[in-house]
Structure formats: C-alpha cells, structure tokens
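# Results of the structural survey
One letter stands for each residue in the lines below.
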Amino acid sequence: MESAVLDRVHAKDANFCEADLTKASLQNADFPGADFSKSILSQAIFKGSRLCEASFAGATGIEINMEDTDLRELRAGDANFSKGSFRRAKGSEPIWQKANLQEADFSFLPRT
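Residues numbered from 1 in each chain as written. Predicted model: local features only at pLDDT ≥ 70, side-chain atom pairs only at ≥ 80, totals over all residues. Heavy atoms only, no water.

This brings us to the overall build of the chain. Helix and strand content of the chain: 0 helices and 0 strands. Relative to the compact-globule value of 13 Å for 112 residues, the chain shows a C-alpha radius of gyration of 12 Å, a close match. Overall, the C-alpha framework of the chain stretches about 30 × 30 × 25 Å when taken along its three principal axes. Taking all 112 residues of the chain together, the buried fraction comes to 46%. Considering only contacts in the chain between residues 6 or more positions apart, those separated by 24 or more positions represent 1%. The averaged location of the 17 negative side-chain charges in the chain is 4 Å from the averaged location of its 14 positive side-chain charges. (Helix = DSSP H or I, 4+ residues; strand = E, 2+ residues; numbered from the N terminus. Rg over C-alpha atoms; globule rule 2.2 N^0.38 Å. Buried < 20%, exposed > 50% of the residue type's maximum accessible area, 1.4 Å probe, protein only. Contact = heavy atoms within 4.5 Å. Lys, Arg positive; Asp, Glu negative; His and termini not counted. Charge placed at Lys NZ, Arg CZ, Asp CG, Glu CD.)

And the structure:
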C-alpha cells in the first residue's frame, strides 16, 4: 500500500502489522488501538492524527511525520523513527524503549 491515502479515516483497533505504508498519507485520522507493529512507514505522514494506544513496536519510519499528533500511551519500542518529525505532538505515557530517535524533532515551536 505504498503511497496510500488514508486521510480522515476512523480505524479503531485496525491491523496494519507488517504493512508497507511508505510515503502514505494518514493525516487527521483516528487510529486508537491500531497495530502498526513491524510496518514500514518511511516518509509516511500522520500529521494531526490521533494515535492513542496504537502500537508501532519494531516499525521502521525514517523521516516519518507525526506533527500535531496525539500520542497518548503510544507504544513504539524498538521502532526506528530516525529523522522523524514529532513537532507539537502531545500525549502522556508513550513508550519509546530502545527506539532509534536519532535526529528526530520533538520541538514544540508554533506553526510558521
């Protein structure tokens, strides 16, 4: 599903396990409890999406865009989100254990 467009979808508890969503657009969508474990998400855009309790364990999302997302209780252990953008992302208790966040941007600067 490379370059798929899933903008504004509601996908509670959806299973995207091991899916190839490279360069996919998943903006302003609702993915509570969704499973993106071991998926390929490089350059995917989740901007403005709700990812509460979603799992990204072992996922690869180099240059992923999660700006303005809700990351409450997100699970991203062992994920590779190097060079990802998480600007203005919010949420309590996300789990990033052993994740690669090299050069990721978690700044909270206003939109320009």
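The description of two aromatic rings rests on the distance between their centres and on the angle between their planes. In the structure shown here, the tally under the stated rule is 13 aromatic pairs. Judged by centre distance (5.7 Å) and plane angle (80°), the rings of F46 and F56 are edge-to-face. Judged on exposure class, the residue F46 and its partner F56 are both buried. Ring plane angle 5° and centroid distance 4.5 Å describe the contact between F86 and F106, whose orientation is recorded as stacked. (Phe/Tyr/Trp six-rings, centres within 6.5 Å; stacked < 30°, edge-to-face > 60°.)

All right, on to the pattern of salt bridges then. Overall, the coordinates contain 7 salt bridges when judged by the stated rule. Linking K12 and D13 is a salt bridge whose minimum nitrogen-to-oxygen distance equals 3.4 Å. We classify K12 as exposed; its relative accessible area is 53%. As a salt-bridge pair, E67 and K47 come within 3.6 Å of each other at their nearest N and O atoms. Of the residues examined, E67 reaches a relative accessible area of 13% and is grouped as buried. (Salt bridge = Lys/Arg side-chain N within 4 Å of Asp/Glu carboxyl O.)

To continue, consider the nonpolar core. Within the largest apolar cluster, 30 residues are counted, with the highest numbers of intra-cluster contacts made by F31, F46 and F56. Apart from residues lying up to four places away in sequence, F46 is in contact with L26, Q27, F31, F36, L41, L51, F56, I64, N65, M66 and T69. (Core = buried A, V, L, I, M, F, W, Y, C linked by side-chain atoms within 4.5 Å.)

All right, on to the side chain of S85 then. We classify S85 as buried; its relative accessible area is 14%. Separated by 2.7 Å, the side chains of S85 and E67 make a polar contact. When sequence neighbours within four positions are dropped, the list of residues in contact with S85 reads I64, N65, M66, E67 and D105. (Polar contact = N/O pair within 3.5 Å; in protein donor to acceptor, adjacent residues only side chain to side chain.)

Unlike most non-glycine residues, D13 shows phi in positive territory, near 60°. One non-glycine residue with positive phi stands out, namely D68, at about 60°.

This part is about the side chain of D30. A residue is classified by how much of its surface remains accessible, and D30, at 18% relative accessible area, is buried. Among the polar contacts listed, one links the side chain of D30 to the side chain of H10, at a separation of 2.7 Å.

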